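Working through the structure, step by step
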Amino acid sequence: MTIGVMILCCTSQTFGQVPSGYDLWLGYGKIENVELLRQYEQAATSIYFQNNSEILEAAQKELKRGLGSMLDRAVDFTDSFSTANSMVIAKKAGLDKAIMKSVAADLDRIGKEGFVIKSVQLKDKDILVISANEDIGILYGVFRLLRFMQGHKTLSSISLVDAPKIAIRMLNHWDNLDRTVEHGYAGFSLWNWQKLPEYIDRRYIDYARANASIGINAVSLTNVNANALILTPMYLEKVRALAEAFRPYGIKVYLTARFSAPIEIGGLRSADPLNAEVQQWWNDKAEEIYAQIPDFGGFLVKANSEGQPGPQNYGRNHVDGANMMARALQPFDGKVIWRAFVYSEHDADDRAKQAYSEFVPYDGQFMENVLVQTKNGAIDFQPREPFHPMFGAMPNTPLMMEFQITQEYLGFSTHLVFLPKLFEEVLDADTYLKGKGSTVAKVIDGSLHDKKMTGMAGVANIGTDLNWTGHPFAQANWYGFGRLAWDPYLSSETIADEWIRATFSNDPKFVGPVRKMLLTSREAVVNYMNPLGLHHIFDTGHHYGPGPWVSELSRPEWNPTYYHKADEYGIGFDRTPTGSNATEQYAEPLRSMLNDPKTCPEEYLLWFHHLPWDYTLRNGHTLWDGIALKYQEGVDQVQDMRTTWKNMEPYISKAQHEEVWMLLEIQLKEARWWRDACLLYFQTYSKKELPEGVEKPTRTLEYFKSLKFLFAPGIRPRWD
Ligand code: GCV
């Protein structure tokens, strides 16, 4: 147990149950409702748990812990199947004939990771059965049953049959070996490289539990801006220790592979993927890794992107690079996850078009164990982006979704923003690749192109903060990502509901308003940062706060002015055929819809169109007034969130309430900062008054421009 965790335990005992947030959604609050308690007690009177593996051991421990805490008593298990009177937890092979009859058909359709939870009538007994084909299904089933109970649902006639729709459900940590985290806002990296492999921090286990509880089964430990040292024997031994800690929770470890590693740690002169020595180096490296970590997942690679080395350094292409690594991993069933986040300052074309132009011609050329990981949008994790056109253009390549859970462009860990709403919007978007209904979710889960190798990654928002994610509500984004990676068709409303009940309270007077607050929070941030399709107008490098005036960086596409193109005529990026023609990358009829400002969804208007300040919006406002009113609406929405939260005081502890209250104060201050700075700046072009209803800025544009944040979190300090 770490010192941090010990302090946590002592604090809660000494000062009377101050919840720190460390428990995440696994706090298993005591059940007070008498009727429910009676029902749950009944189910827990005599439980048989077939436990003969480390995964089942982890599952049994969790059940004991969860039930014990909810029922407020110690929970024991019976030794044999025949003496179980209330609950049976066993894999298919361990079930007796009578139970098998009730669950056989379900087991046939849930694959390796699915589970069945059913109430089965056996003679005069009601038995709650959790069964699965494999150990991991039992673990997932136990977590699901516990969540069901945390949501205070009735067990009578329970019937839950579920299996993940996506194969690789992964967190990408952007953690550096010095324990800083690129765009991390929740403390330092969890991985204590100095103390590994001997010292297994209790946090590793609790991290794995949390992931397994939502179905995450893969983690990439290190930053995609990679350091080759992670592939040296000294570090691999440490990685092995982490892999062993995670294995009982069904989690595979992946590493980021720096393309130039053969030079940096291998002593070779080249990293050319067609060079036999280089190929042999990767083959040997794969063998070395698998000797230590037999279930190693594979490599995640950022190549020829933002200065990272890659095959293009040797005149080769992405297929050459990815397939070389894929060949090395193939004998061990390892995967290469090759990122498609590429753009170049030497390409004069619109940055939004570049990844598509670079990757789509390679469709179908990657080896079978390669997935191409594509960000949800073509620019970079903005508060709102249209879906990446690659999702509608590479039917012969497994495309893996990359979402960002850490809030690089969404207010860091001080703004309350419920991201499942953003994720859901992208997953539900229609690519029209095979006609209407060809949603991004269907591309990602493989159903559109009949693919088995599928994946979804989220850039983690986790660190050493006591509550893991900085903002207590940012836990909902980790939770929601996992739930959507399991089932990309879940609604953000369901996810919000589950999370609130498991984390805080089942009181309807709390659940209803807080759920509403979560569901509007994403639109609020879009409104006060980037309304009507504006994007990438953040201050540069750290992306903290507004910087629409930034125009002097050496790379044109790093300047916010590149994206909003405000001038005396109007504002917005023309991506129609009269401009960059990025709309060409979308299928019909979407393309035509986007090309016409009258049919383009207004939330993407300035993403695709450069329009005059007096252009008339659908609500009758001029564009200038519409932008200003949206900024104001965002600020008002944060005010409303504060009012909602104020009223929640009676339902949670004072400490929990105060923590979020203080964060909402910061959010309000920063929402106003965004509104005032952006409107003052754009006003220098529009030359128009702010419309009625928009608060007047109390500072000058010069003041906002003068703000500098050398030590903004998530980046290495810049001294220049
Ligand atoms: C890990 C953006 C971020 C970078 C990040 C990059 C990427 O540009 O600002 O910090 O690098 O995306 O996704 O590779």
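Residues numbered from 1 in each chain as written. Predicted model: local features only at pLDDT ≥ 70, side-chain atom pairs only at ≥ 80, totals over all residues. Heavy atoms only, no water.

Turning next to the UniProt feature "domain: Glycosyl hydrolase family 67 C-terminal" (unreviewed entry) in the protein. In the numbering used here, UniProt assigns the "domain: Glycosyl hydrolase family 67 C-terminal" (unreviewed entry) feature to residues 469-694. Secondary structure over residues 469-694 splits into 52% helix and 2% strand, and the C-alpha atoms at its two ends are 34 Å apart. (UniProt positions renumbered as here; feature names shortened; annotations may be inferred. Helix = DSSP H or I, 4+ residues; strand = E, 2+ residues; numbered from the N terminus.)

For the rest of this paragraph, the subject is the pattern of salt bridges. Considering all chains together, one arrives at 43 salt bridges under this definition. The salt bridge partner of Arg-247 is Asp-295, with a shortest N-O separation of 2.8 Å. Here Arg-247, found in the loop between α7 (233-246) and β9 (252-256), pairs with Asp-295, found in the loop between α9 (276-292) and β10 (298-301); they are 48 residues apart in sequence, far enough to count as distant. For Arg-247, a relative accessible area of 22% corresponds to the partly exposed category. Asp-380 is the partner of Lys-375 in a salt bridge, and the nearest nitrogen-oxygen pair spans 2.7 Å. (Salt bridge = Lys/Arg side-chain N within 4 Å of Asp/Glu carboxyl O. Buried < 20%, exposed > 50% of the residue type's maximum accessible area, 1.4 Å probe, protein only.)

Right, let's talk about the site of the ligand for a bit. Residues in contact with the ligand amount to 14 residues; listed here are only the nearest, Glu-182, Lys-302, Arg-339, Lys-375 and Glu-408. Residue Lys-302 places a side-chain N or O atom 2.5 Å away from an oxygen atom belonging to the ligand. In this structure, an oxygen atom belonging to the ligand sits 2.7 Å away from a side-chain N or O atom of Arg-339. The protein chains hide 94% of the 340 Å² of surface that the ligand would expose on its own. Taking a 2 Å distance to the grid points as the criterion, the majority of the atoms of the ligand fall inside the second largest pocket. Partitioned by chemical class, the residues of the shell around the ligand number 3 nonpolar, 4 polar and 7 charged. (Near = heavy atom within 4 Å. Polar contact = N/O pair within 3.5 Å; in protein donor to acceptor, adjacent residues only side chain to side chain. Areas by Shrake-Rupley, 256 points an atom, 1.4 Å probe, with all protein chains shown as cover. 1 Å grid on protein atoms, 1.4 Å probe; cavity = no way out; pocket = protein on both sides within 12 Å on 5 of 7 lines; lining within 4 Å. Sits in = over half its atoms within 2 Å of the grid points. Nonpolar A, V, L, I, M, F, W, Y, C, P; charged D, E, K, R; others polar.)

Once that is clear, we can look at the sheet that holds strand β6 (residues 159-162). Two pairing modes exist for strands in a sheet, parallel and antiparallel, and in both the strands are linked by backbone hydrogen bonds. Ordered by their spatial adjacency, 6 strands build an open sheet running β2-β1-β3-β5-β4-β6, and the pairing between neighbours is mixed. Looking at which strands have only one partner, the edges of the open sheet turn out to be β2 (77-78) and β6. Direction of pairing for strand β4 (residues 115-122) relative to strand β5 (residues 125-131): antiparallel, over a ladder of 7 bridges. Its bridge partner lying in β5, Lys-118 is registered against Val-129. Sheet strands in contact with helix α5 (residues 135-150) are β1 (47-49), β3 (87-89), β4, β5 and β6, and its direction is about 70° off that of β4. (Pairing = 2+ DSSP bridges. Contact = heavy atoms within 4.5 Å. Axes fitted to C-alpha atoms, helices over the stretch in contact; angles between N-to-C directions.)

Our next topic: the domain arrangement of the protein. Domains assigned within the protein are domain 1 (24-162), domain 2 (168-493) and domain 3 (527-573 + 610-706). Taken together, the 18 residues of domain 1 in the interface contact 22 residues of domain 2. A buried area of about 1800 Å², summed over both sides, lies between domain 1 and domain 2, and 56% of it is on carbon and sulfur atoms. Among the residues domain 1 hides against domain 2, the three largest losses belong to Leu-24, Trp-25 and Tyr-140. Together they make up 37% of the total. Between the two partners, domain 1 and domain 2, sit 2 salt bridges. Between Arg-169 and Glu-113 there is a salt bridge, with its nearest N and O atoms 2.8 Å apart. Seen at the junction of domain 1 and domain 2, the total is 8 residue pairs in polar contact (both at pLDDT 80 or more). Broken down by secondary-structure element, the contributors of at least two residues to the side of domain 1 that touches domain 2 are α3 (54-71) and α5. Looking at the side of domain 1 that touches domain 2, the element that brings in the most residues is α5, giving 6 residues. (Domains from an automatic or database assignment. Buried area = accessible area lost by both parts, 1.4 Å probe.)

The subject of this paragraph is the UniProt feature "domain: Glycosyl hydrolase family 67 catalytic" (unreviewed entry) in the protein. The UniProt feature table records "domain: Glycosyl hydrolase family 67 catalytic" (unreviewed entry) at residues 150-468. Strand forms 13% of residues 150-468 and helix 26%; the C-alpha atoms that close the span are 21 Å apart.

Quick look at empty space enclosed by the protein now. Applying the stated criterion across every chain, the model contains 10 cavities of 30 Å³ or more. There is about 80 Å³ of room inside the largest cavity. Ala-340, Phe-341, Ala-355, Ala-378 and His-388 are the residues nearest the centre of the largest cavity, which is lined by 13 residues in total. With 3 residues, the top contributor of residues to the lining of the largest cavity is helix α11 (residues 351-359). By residue class, the composition of the lining of the largest cavity is 8 nonpolar, 3 polar and 2 charged. (Points joined across faces, edges and corners; volume = space filled by probe spheres on them.)

Within the secondary structure, Phe-296 sits in the loop between α9 and β10. Each residue touching Phe-296, except ones within four places of it in the same chain, is listed here: Val-253, Tyr-254, Leu-255, Ile-289 and Tyr-290.

It is worth spelling out the sheet that holds strand β13 (residues 399-404) at this point. As summarised here, the arrangement of the 8 strands in space is β7-β8-β9-β10-β11-β12-β13-β14, forming a closed barrel in which the pairing is parallel. Taken pair by pair, the neighbouring strands of this sheet meet at an average axis angle of 25°, ignoring direction. Where strand β12 (residues 370-375) and β13 come together, 4 bridges link them in parallel fashion. Across the sheet, residue Gln-373 finds its bridge partner in β13, namely Met-400.

Take the pairing of β13 next. For β13, a buried count of 6 out of 6 residues is recorded, marking the element as mostly surrounded by other parts of the structure. In β13, alternate side chains face the same way, and those of Leu-399, Met-401 and Phe-403 on one face and Met-400, Glu-402 and Gln-404 on the other are all buried. Sheet topology note: the β13/strand β14 (residues 455-459) ladder contains 4 bridges and is parallel. The residue bridging Phe-403 from the neighbouring strand is Gly-458, located in β14.

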